[in-house]
Amino acid sequence: MELVLALAIGVLGGSGVWLLLRPRTFQVVMGLTLLSYAVNLFIFCVGGLRLGADPVLREGAGLIEYADPLPQALVLTAIVIGFATTALFLVVLLASRGFTGSDHVDGKDGAP
Amino acid sequence: MPHDTVSFALLCLPFAGAALAWRMRHRQAATWLAIGVAALALGLSLAVRPWLADGAVLRTVLPWLPSLGLDLVLRVDGLAWLFLLLICGIGLLVVVYARYYMPEEDRLGRFYGLLLAFMGAMVGVVTAGNVVQLAFFWELTSLLSFLLIGYWNQGASAREGARTALIVTAGGGLCLFAGLLLLGHIAGSYDLDAILAAGDAVRAHPWYVPMLVLVALGALSKSAQFPFHFWLPQAMSAPTPVSAYLHSATMVKAGVFLLLRLWPVLAGTEAWFWIIGGAGLASLLLGAASAVFQQDLKAVLAYSTISHLGLITMLLGLGSTLGAVAAIFHIVNHATFKASLFMAAGAVDHETGTRDLRRLGGLRHVMPITATLALVASAAMAGVPLLNGFLSKEMFFAAALSTHRGLTVDTLAAGLAVLASMFSVIYSLRFAVGVFLGRLRDGLPRTPHEPPYWMRLPIGLLVLACVLVGVLPAQVIGPTLDLAAGAVLGEALPAFDLAIWHGVNAPLLMSVLAFAGGCVAYAGLRGWFARRETLPLLGRFSAQRVFERVLALLTSTLPQALEPAYSGRRLQPQLRVIVLAAALAAGLAMYGTPMHFGLRASAVDPGFALLWLLGAVCALGAVRQAKFHRLAALVLVGGAGLVSCVSFVWLSAPDLAATQLLVEVVTTIVILLGLRWLPKRVAGLSPDAPPARWRRYRDGAVAGVVGLGLAGLAYAAMLHPVANSASHFYLENALSQGGGHNVVNVILVDFRGFDTLGEISVLAIVALSVFALLRRFRPAVESVGAPMQQRLQGATREDGYDAGGADYLRIPGLIVQLMAPVIVLFGMHLFLRGHDLPGGGFAAGITVSVALVLLYMARGARWVEARLKVAPLRWVGLGLLLALATGLGALAFGHPFLSSHSRHVVLPLLGELPLASALLFDLGVFGVVVGATSLMLVALAHQSLRQPRAPTDAGKEDG
């Protein structure tokens with residue numbers, strides 16, 4: 001499991017970074033979304049992977065039987081903030097497109 | 001009245017007065033207020049005296065950050081008391097003087113406000129019982145002196161002088177802060193008493209020298225000591241009352257005060273002798289020699305101040321107890337005669353309209369009283385017997401003679417002391433004889449008269465003090481000096497004799513030599529002095545010029561050289577730099593950290609592997625499609641998001657899965673709403689040029705490295721055993737303290753509620769920014785018209801842009817309309833169960849806003865807004881207020897901010913219900929999320945309702 005998830009994080013992160021370096025604003029927004037998936041999964045996995053051990057308290061279960069709630073709490077807010085920044089980027093993208101007439105990151109089509 | 005109250009009142013009074021005076025529009029009222037405050041402060045200072053008998057130290061402690069060992073401590077001892085007298089006493093005289101000096105049209109509210117605030121800051125410096133507090137007030141004095149020097153901000157020279165003073169003294173203040181932090185670290189406490197008790201340990205510490213250098217940088221720059229002396233002459237463009245106050249008695253004395261304050265801890269080492277003593281000697285000579293060649297009345301005084309402060313610094317640098325006593329004595333004497341001289345210079349300037357020594361002369365014929373006073377004060381400055389300057393100069397000579405650092409240094413120090421003293425006789429003569437004696441000159445800008453009585457009175461009182469101290473030193477100043485020196489030296493207080501006549505001894509001979517030499521030189525060379533502007537030989541090496549060069553280099557030349565290399569208008573390379581820097585930082589952190597890549601991992605579930613195969617395909621597909629097929633890319637990214645959502649379910653994180661799923665939906669809608677404003681891009685129209693291909697290879701390499709690094713890091717992190725995580729605490733206490741079964745939710749709304757409060761504030765701010773940005777949004781011309789699909793399906797009417805056509809999306813619209821209440825209900829369900837089961841405010845908020853947006857999409861904005869009043873801004877505001885009020889509610893019950901209370905209540909029909917006050921907080925979170933999300937979505941959706949711009953307007957902006 002660990003290997004699969006690590007590879008998945010790598011693929012998501014790599015794709016995100018590649019898109020981040022592209023010239024078109026839409027590509028950058030997509031890249032940021034992918035990168036935030038990767039980062040969320042990364043923070044989440046730091047607590048260790050557990051199957052069938054929700055951090056919801058049950059009668060008579062020992063502490064060892066729960067997944068780590070702390071990374072989950074961190075990631076939960078990260079997801080919401082990630083959404084907010086994506087929305088903000090999208091609007092900046094639209095504004096930049098409106099002002100410069102181009103959807104290039106630099107505001108003009110100097111390079112393809 | 002207990003002494004705590006008095007010291008506290010003493011600190012607060014000037015600031016309160018400043019706040020009151022600041023807005024005053026009435027000159028007379030402002031003056032009376034300032035006089036009242038200064039007089040009251042002086043009275044309070046005098047009232048402290050009885051408590052200080054027998055070397056007692058008054059401490060007032062106000063807890064501030066007890067967990068860090070930081071308290072606000074007001075500490076008044078003999079030394080602080082002496083300075084309090086100077087600050088408040090001379091402050092009072094300056095306030096009176098300024099009333100008559102400042103131009104009639106100035107209402108003075110701002111002036112007195114600044115002056116009183118400065119007085120408060122100085123009181124803060126001298127009464128600080130904690131070095132951090134001292135550094136704070138220290139910087140405050142720098143800041144206020146900037147405002148005071150630049151008070152006449154119409155003049156370029158005032159602005160420049162203020163700026164130089166601020167850069168030098170505040171920069172020195174930063175060094176001082178670092179030095180004091182080091183000192184506190186070495187001594188183990190920031191409390192002044194603890195530091196004073198740790199002297200031996202501090203001097204033996206390996207960090208002693210760096211710490212001393214930092215403290216010295218602060219003190220020397222403040223006291224205008226070489227090589228930082230140049231700010232003081234520049235600061236002479238300040239109004240004269242400011243100079244009389246700041247540059248004689250207070251601001252420049254703060255540096256030597258600090259050296260005295262820390263004298264028991266820092267003094268006595270070789271490093272101290274060379275740094276402090278060396279800087280003092282250099283300033284003493286340089287200042288005195290430069291003063292001789294100045295033609296501006298105030299510049300003479302400024303350079304002489306540098307020189308006299310150099311004398312004090314040098315006395316302190318000697319490290320002998322007698323030197324310290326002499327330094328304290330000279331601080332008082334210099335403050336009195338220099339303040340009166342500044343005021344006299346101001347009176348001359350005020351009456352004649354010029355400060356140029358070459359144009360002035362013979363003023364005793366028209367202003368005899370001022371002339372007499374100024375003559376006595378300059379005699380004190382020159383060190384004439386029966387005046388206070390003579391006594392401290394004798395003590396200086398005695399201390400200089402009694403140092404023993406080897407024959408050369410001793411002889412040199414004594415010789416240079418006589419030389420500097422000779423210079424001081426010369427410039428005092430130039431000031432006194434040149435201006436007031438001789439023949440009255442013609443051609444002055446104004447016809448001089450005697451200045452008003454209230455302008456002469458402060459000068460007169462100060463000169464009276466000079467004479468009294470000079471004639472009856474033991475009676476007038478003896479006890480005070482004992483008290484102040486005792487506070488610094490403690491047991492080591494040397495026996496000193498404040499008599500006028502000690503018999504014929506070496507110091508007296510040195511005095512006579514200096515006096516005779518000075519008189520002869522003045523008589524012989526006065527013409528030459530008047531012809532020059534700068535010091536011979538050394539005049540070409542100006543610290544001022546070096547400072548300006550460095551400043552120009554740092555603020556203009558260097559940035560201009562670096563700007564093209566590290567910045568630019570293009571964002572793409574900057575993004576690359578950011579990514580590379582992040583990768584490098586992660587690499588550096590990984591390097592040298594032991595990491596285990598063993599195969600202790602759990603077995604691979606084929607289902608999970610298959611799932612992520614799909615995820616990887618989605619991500620790579622999105623990469624491929626993002627340029628030309630935006631919708632496809634969006635769908636693929638959504639696919640990757642869904643896969644990670646499923647992984648959350650798989651890996652025991654139902655809360656995350658729910659939130660991720662909902663956020664996924666909203667993100668997709670947001671981007672869908674934005675897609676129509678982007679330009680069309682068709683594959684194959686712009687074939688790749690070789691540089692572009694090369695760029696892709698390079699970015700591919702970067703992405704590959706980052707991906708591999710992330711994967712490796714994640715793998716190592718997952719295999720790393722987690723020991724002693726804080727999570728155990730949360731798991732153990734979630735139910736007992738938070739009253740909830742869902743630990744993730746309890747962490748969010750209870751244990752880490754403050755973080756969540758910050759988070760929802762960020763969300764609110766982002767939503768407002770989006771809203772604000774979209775209000776000014778101007779779409780590009782070609783995307784203004786309705787999209788092709790809508791036109792084909794007949795969605796738009798001829799005149800409008802509303803997607804509310806009769807048959808357009810009828811079935812989906814109906815379904816959404818029926819589903820909307822159900823979705824809202826589901827959101828409520830998520831919210832209510834959040835504390836015990838997966839759900840909570842975040843998830844519920846997004847669910848409700850999804851319902852809203854679906855309605856907007858299916859029915860169009862006008863249809864929805866005709867039937868439903870959504871006020872997203874109100875949701876955001878109320879949500880934030882509710883969250884905050886819940887937190888404050890805990891305060892009302894005497895608990896810390898945001899602590900929650902939970903209880904199970906039994907209600908009829910519903911049975912037993914768990915209720916926690918955290919639920920209210922979660923309701924606030926819910927409100928903010930609903931409001932913020934719908935604010936963004938609705939603002940985006942509204943863009944389609946805008947009327948297109950007039951074609952000419954559009955053409956202009958696009959061209």
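*Asks:* Break down the overall build of chain B for me, citing the residues and quoting the values.
*Replies:* From N to C terminus, chain B includes 39 helices and 4 strands. Overall, the C-alpha framework of chain B stretches about 115 × 70 × 60 Å when taken along its three principal axes. When the 959 residues of chain B are sorted by exposure, 52% land in the buried category. In chain B, the share of contacts with a sequence separation of at least 24, taken over all contacts with a separation of at least 6, comes to 78%. Taken as a whole, chain B presents about 41,600 Å² of accessible surface, with 68% of it coming from carbon and sulfur. Side-chain charges in chain B split into 65 positive and 48 negative, and the spacing between the mean points of these groups amounts to 10 Å.

*Asks:* So, the overall build of chain A: which residues are in play, and what are the values?
*Replies:* Along the backbone of chain A there are 3 helices and 0 strands. Principal-axis analysis of the C-alpha atoms places the extent of chain A at approximately 65 × 25 × 15 Å. Across the 112 residues in chain A, those meeting the buried criterion constitute 65%. Residue pairs in contact within chain A that sit at least 24 positions apart in sequence constitute 54% of those at least 6 positions apart. Of the roughly 3,500 Å² of accessible surface on chain A, 69% is carried by carbon and sulfur atoms.

*Asks:* Give a detailed account of the packing of aromatic side chains, specifying residues and quantitative values.
*Replies:* Two aromatic rings are characterised by how far apart their centres lie and by the angle between their planes. Evaluated as defined, the whole model comprises 19 aromatic pairs over all chains. Seen from their ring centres, Tyr730 of chain B and Phe751 of chain B are 5.1 Å apart, and the 45° between their planes marks the pair as tilted. Taken together, the residues span a long stretch of sequence, with Tyr730 of chain B in helix 30 (residues 727-738) and Phe751 of chain B in helix 31 (residues 743-751) at a distance of 21 residues. With respect to class, Tyr730 of chain B is no different from Phe751 of chain B; both count as buried. Three or more aromatic residues joined by ring pairs form one cluster here, namely Phe15, Phe136 and Phe137 of chain B. Sitting over the face of the ring of Trp18 of chain A, Arg22 of chain A holds its NZ or CZ atom 4.2 Å from the ring centroid.

*Asks:* How would you explain the interface of chain B and chain A if you had to name every residue and give the values?
*Replies:* Residue-level contacts link 107 residues of chain B with 79 residues of chain A. Of the roughly 8,600 Å² buried between chain B and chain A, counting both surfaces, carbon and sulfur atoms make up 78%. Between the two partners, chain B and chain A, sit 1 salt bridge. Between Asp699 of chain B and Arg22 of chain A there is a salt bridge whose closest N-O contact spans 2.3 Å. Summed over the shared surface of chain B and chain A, the result is 5 residue pairs in polar contact (both at pLDDT 80 or more). Among the elements that line the side of chain B that touches chain A, the one with the most residues is helix 29 (residues 690-719) of chain B, at 17 residues. Taken together, the residues of the side of chain B that touches chain A break down into 69 nonpolar, 20 polar and 18 charged.

*Asks:* Run through the nonpolar core, naming residues and quoting values.
*Replies:* The nonpolar side chains of a soluble globular protein tend to be buried, and buried together. Among the nonpolar cores identified, the biggest contains 200 residues, and Tyr112, Leu266 and Trp272 of chain B are the most heavily contacted of them. With 18 residues, helix 16 (residues 321-352) of chain B is the single largest residue contributor to this core. Apart from residues lying up to four places away in sequence, Tyr112 of chain B is in contact with Ala21, Ala30, Thr31, Ala34, Val95, Ala98 and Arg99 of chain B. Membership of the second largest hydrophobic core comes to 120 residues, among which are Leu5, Met30 and Phe44 of chain A together with Val848 of chain B.

*Asks:* Tell me about the pattern of salt bridges, and name the residues and values.
*Replies:* All names here are of chain B. Across all of its chains, the model carries 13 salt bridges over all chains by this definition. Note that Arg355 and Asp296 form a salt bridge whose closest N and O atoms lie 3.1 Å from each other. Highlighted residues: Arg355 in the loop between helix 16 and helix 17 (368-382) and Asp296 in the loop between helix 14 (270-292) and helix 15 (297-318), separated in sequence by 59 residues. Taking the relative accessible area as the measure of exposure, Arg355 reaches 22% and is therefore partly exposed. Among the ionic pairs, Arg698 bridges to Asp699, the shortest N-O distance being 3.6 Å.

*Asks:* So what's going on with the environment of Tyr427 of chain B? Residues and values would help.
*Replies:* Residue and element names in this part refer to chain B. Take Tyr427: it is sitting in helix 19 (residues 407-436). Residue Tyr427 is classed as buried on the basis of its relative accessible area, which comes to 0%. In this structure the C-alpha to C-alpha distance between Tyr427 and Ala291, which are 136 residues apart in sequence, comes to 6.2 Å. In contact with Tyr427, not counting residues within four places along its chain, are Ala288, Ala291, Val292, Val300, Ser304, Ser307, His308 and Met381.

*Asks:* Describe the environment of Leu341 of chain B, listing the residues and the values that go with them.
*Replies:* Residue and element names in this part refer to chain B. Here Leu341 lies in helix 16. By relative accessible area, which is 0% here, Leu341 ends up buried. Between the alpha carbons of Leu341 and Leu301 there is a distance of 7.8 Å; along the sequence they are 40 residues apart. Residues in contact with Leu341, not counting those within four places in the same chain, are Leu301, Ala374, Ala377, Ser378, Met381 and Phe431.

*Asks:* An account of the confidence of the model for chain B is requested, with residue identities and associated values reported.
*Replies:* The predicted model of chain B averages 85 in pLDDT, with 91% of residues at 70 or higher. Ignoring residues within four places in sequence, the model shows residues 949-959 of chain B, a span with pLDDT below 50, making 8 contacts including any to other chains.

Each value, and the rule that gives it
Residues numbered from 1 in each chain as written. Chains lettered and ligands numbered in written order. Predicted model: local features only at pLDDT ≥ 70, side-chain atom pairs only at ≥ 80, totals over all residues. Heavy atoms only, no water. Helix = DSSP H or I, 4+ residues; strand = E, 2+ residues; numbered from the N terminus. Buried < 20%, exposed > 50% of the residue type's maximum accessible area, 1.4 Å probe, protein only. Contact = heavy atoms within 4.5 Å. Areas by Shrake-Rupley, 256 points an atom, 1.4 Å probe, with all protein chains shown as cover. Lys, Arg positive; Asp, Glu negative; His and termini not counted. Charge placed at Lys NZ, Arg CZ, Asp CG, Glu CD. Phe/Tyr/Trp six-rings, centres within 6.5 Å; stacked < 30°, edge-to-face > 60°. Lys NZ or Arg CZ within 6 Å of the ring centre and 35° of its normal. Buried area = accessible area lost by both parts, 1.4 Å probe. Salt bridge = Lys/Arg side-chain N within 4 Å of Asp/Glu carboxyl O. Polar contact = N/O pair within 3.5 Å; in protein donor to acceptor, adjacent residues only side chain to side chain. Nonpolar A, V, L, I, M, F, W, Y, C, P; charged D, E, K, R; others polar. Core = buried A, V, L, I, M, F, W, Y, C linked by side-chain atoms within 4.5 Å. pLDDT = per-residue confidence, 0-100.

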